[in-house]
Amino acid sequence: AQSVTQLDSQVPVFEEAPVELRCNYSSSVSVYLFWYVQYPNQGLQLLLKYLSGSTLVKGINGFEAEFNKSQTSFHLRKPSVHISDTAEYFCAVEFTGGGNKLTFGTGTQLKVEL
Amino acid sequence: GAVVSQHPSRVICKSGTSVKIECRSLDFQATTMFWYRQFPKKSLMLMATSNEGSKATYEQGVEKDKFLINHASLTLSTLTVTSAHPEDSSFYICSARDFDKPGSYEQYFGPGTRLTVT
């Protein structure tokens, strides 16, 4: 079965500390991987994506993610977070042959504290 | 970058009435748009895929007669919640892909519409 898992529903972290948000998926077909950020009462903004090529992907706002095919993971990282990074983060997967549909994880609330 | 708008951003309606939500791609043509529903503190649930000039494809469990989707042009898709009830209250988000942008694979999301049914 194809699925996307974000194990951490909430991640509290102090400002300027590093953070990693985890995303794992299950699939028997090739995938395209995305991380989106959502601020309260707003739509989703793309942080970064992996389609092919280098497994380390850099995105906006200093975020990066690494695709690990053997572990079927696509964890999101930032070396030093800011208060403004407080938001909901969603991992999303497009499964090849799935009609261009995205399957979302359940989201991780990142709360950056002073 | 590609922009998707939604209108209205918020709507309050009485139980039993119908509400129409518009999703527009402002600077690109979108042959396919997607409609999602998001419950409080929950993930996005795909409701249907809207195809320009043809019938929408609904996900399992989504009532097509209740959530009417029309995609009459390359830049506009509408979602009509018919005979709305309080349980239809939710945050509805649309997205679109720019298939004229090779290798993009990115869905551009609208800002969402908060529907409250009283």
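Notes on the structure follow. Bear in mind that the values here come from a model prediction, so they are computed numbers and not experimental data.

### Description of the packing of aromatic side chains
Next up, step 1: Applying the stated criterion across every chain, the model contains 11 aromatic pairs over all chains.
Next up, step 2: Linked through ring pairs, Phe34(A), Tyr36(A), Phe90(A), Phe104(A), Tyr36(B) and Phe109(B) together constitute an aromatic cluster.

### Structural notes on unusual backbone geometry
Next up, step 1: Between His7(B) and the following residue, Pro8(B), the backbone shows a cis peptide bond with an omega angle of 0°.
Next up, step 2: Tracing the backbone shows Pro8(B) in the loop between β1 (4–7) and β2 (10–13).
Next up, step 3: Backbone geometry at Asn61(A) places phi at a positive 60°, although glycine is not the residue there.
Next up, step 4: As for its position among the elements, Asn61(A) is in the loop between β7 (56–58) and β8 (64–68).
Next up, step 5: Of the residues examined, Asn61(A) reaches a relative accessible area of 41% and is grouped as partly exposed.
Next up, step 6: Backbone geometry at Thr72(A) places phi at a positive 45°, although glycine is not the residue there.

### A few points about the environment of Asp27(B)
Residues and elements named next belong to chain B.
Next up, step 1: Position of aspartate 27 among the secondary structure elements: in the loop between β3 (19–25) and β4 (32–38).
Next up, step 2: For aspartate 27, a relative accessible area of 46% puts it in the partly exposed group.
Next up, step 3: As for aspartate 27 and serine 54, which are separated by 27 residues in sequence, their C-alpha atoms are 22 Å apart.

### What to know about the nonpolar core
Next up, step 1: Core analysis: the largest hydrophobic core is formed by 28 residues, its most contacted members being Leu33(A), Trp35(A), Leu47(A), Leu48(A), Phe74(A), Leu76(A) and Tyr89(A).
Next up, step 2: Put simply, the parts of the chain that give this core at least two residues each are β2 (10–14), β3 (19–21), β5 (31–38), β6 (44–50), β8, β9 (73–78), β10 (87–95) and β12 (108–113) of chain A.
Next up, step 3: Counting residues in each nonpolar core, the second largest holds 25 residues, with Cys13(B), Cys23(B), Phe67(B) and Ala84(B) among its members.

### Looking at the pattern of salt bridges
Next up, step 1: Within this structure, the stated rule accounts for 10 salt bridges over all chains.
Next up, step 2: Measuring nitrogen to oxygen at the nearest pair gives 2.8 Å for the salt bridge that ties Lys58(A) to Glu64(A).
Next up, step 3: Looking at Lys58(A), the relative accessible area reads 61%, which means it is exposed.
Next up, step 4: Among the residues examined, Glu64(A) registers a relative accessible area of 19% and is labelled buried.
Next up, step 5: Lys66(B) is the salt-bridge partner of Asp88(B), the closest N and O atoms lying 2.9 Å from each other. With Asp88(B) in the loop between β8 (76–81) and β9 (90–97) and Lys66(B) in the loop between β6 (57–58) and β7 (67–73), the pair connects residues that are 22 residues apart, well separated along the chain. Both residues of the pair, Asp88(B) and Lys66(B), belong to the buried class.
Next up, step 6: Among the ionic contacts, a cluster of salt bridges with common partners joins Glu20(A), Lys58(A), Glu64(A), Glu66(A) and Arg77(A).

### Looking at the interface of chain B and chain A
Next up, step 1: Counting residues at the interface gives 23 residues for chain B and 20 residues for chain A.
Next up, step 2: Carbon and sulfur atoms make up 53% of the area that chain B and chain A hide from each other, which totals about 1,600 Å².
Next up, step 3: Summed over the three residues of chain B that lose the most area to chain A, namely Ser43(B), Tyr105(B) and Phe109(B), the buried surface amounts to 30% of that side.
Next up, step 4: On inspection of chain B and its partner chain A, the count reaches two salt bridges.
Next up, step 5: The salt bridge partner of Arg97(B) is Glu94(A), with a shortest N-O separation of 3.4 Å.
Next up, step 6: Here chain B and chain A share seven residue pairs in polar contact (both at pLDDT 80 or more) between them.
Next up, step 7: Split by residue class, the side of chain B that touches chain A holds 10 nonpolar, seven polar and six charged.

### Details of the state of the cysteines
Next up, step 1: Here the structure, examined in full by the defined rule, presents two disulfides over all chains.
Next up, step 2: Across the disulfide from Cys23(A) sits Cys91(A); the S-S distance is 1.9 Å. Handedness of the Cys23(A)-Cys91(A) disulfide follows from its S-S torsion of about -60°: it is left-handed. Residue Cys23(A) is located in the loop between β3 and β4 (24–26), and its partner Cys91(A) is located in strand β10; the two are separated by 68 residues in the primary sequence.
Next up, step 3: Judged by its relative accessible area of 0%, Cys23(A) falls in the buried class.
Next up, step 4: Residue classification places Cys91(A) among the buried residues on the basis of a relative accessible area of 0%.
Next up, step 5: Take Cys13(B): it sits in no disulfide, and the sulfur closest to it among the cysteines is that of Cys94(B), at 18 Å.
Next up, step 6: Classification of Cys13(B) by relative accessible area gives buried; the value is 9%.

Criteria and thresholds
- Residues numbered from 1 in each chain as written.
- Chains lettered and ligands numbered in written order.
- Predicted model: local features only at pLDDT ≥ 70, side-chain atom pairs only at ≥ 80, totals over all residues.
- Heavy atoms only, no water.
- Phe/Tyr/Trp six-rings, centres within 6.5 Å; stacked < 30°, edge-to-face > 60°.
- Helix = DSSP H or I, 4+ residues; strand = E, 2+ residues; numbered from the N terminus.
- Buried < 20%, exposed > 50% of the residue type's maximum accessible area, 1.4 Å probe, protein only.
- Core = buried A, V, L, I, M, F, W, Y, C linked by side-chain atoms within 4.5 Å.
- Salt bridge = Lys/Arg side-chain N within 4 Å of Asp/Glu carboxyl O.
- Contact = heavy atoms within 4.5 Å.
- Buried area = accessible area lost by both parts, 1.4 Å probe.
- Polar contact = N/O pair within 3.5 Å; in protein donor to acceptor, adjacent residues only side chain to side chain.
- Nonpolar A, V, L, I, M, F, W, Y, C, P; charged D, E, K, R; others polar.
- Disulfide = S-S within 2.5 Å.

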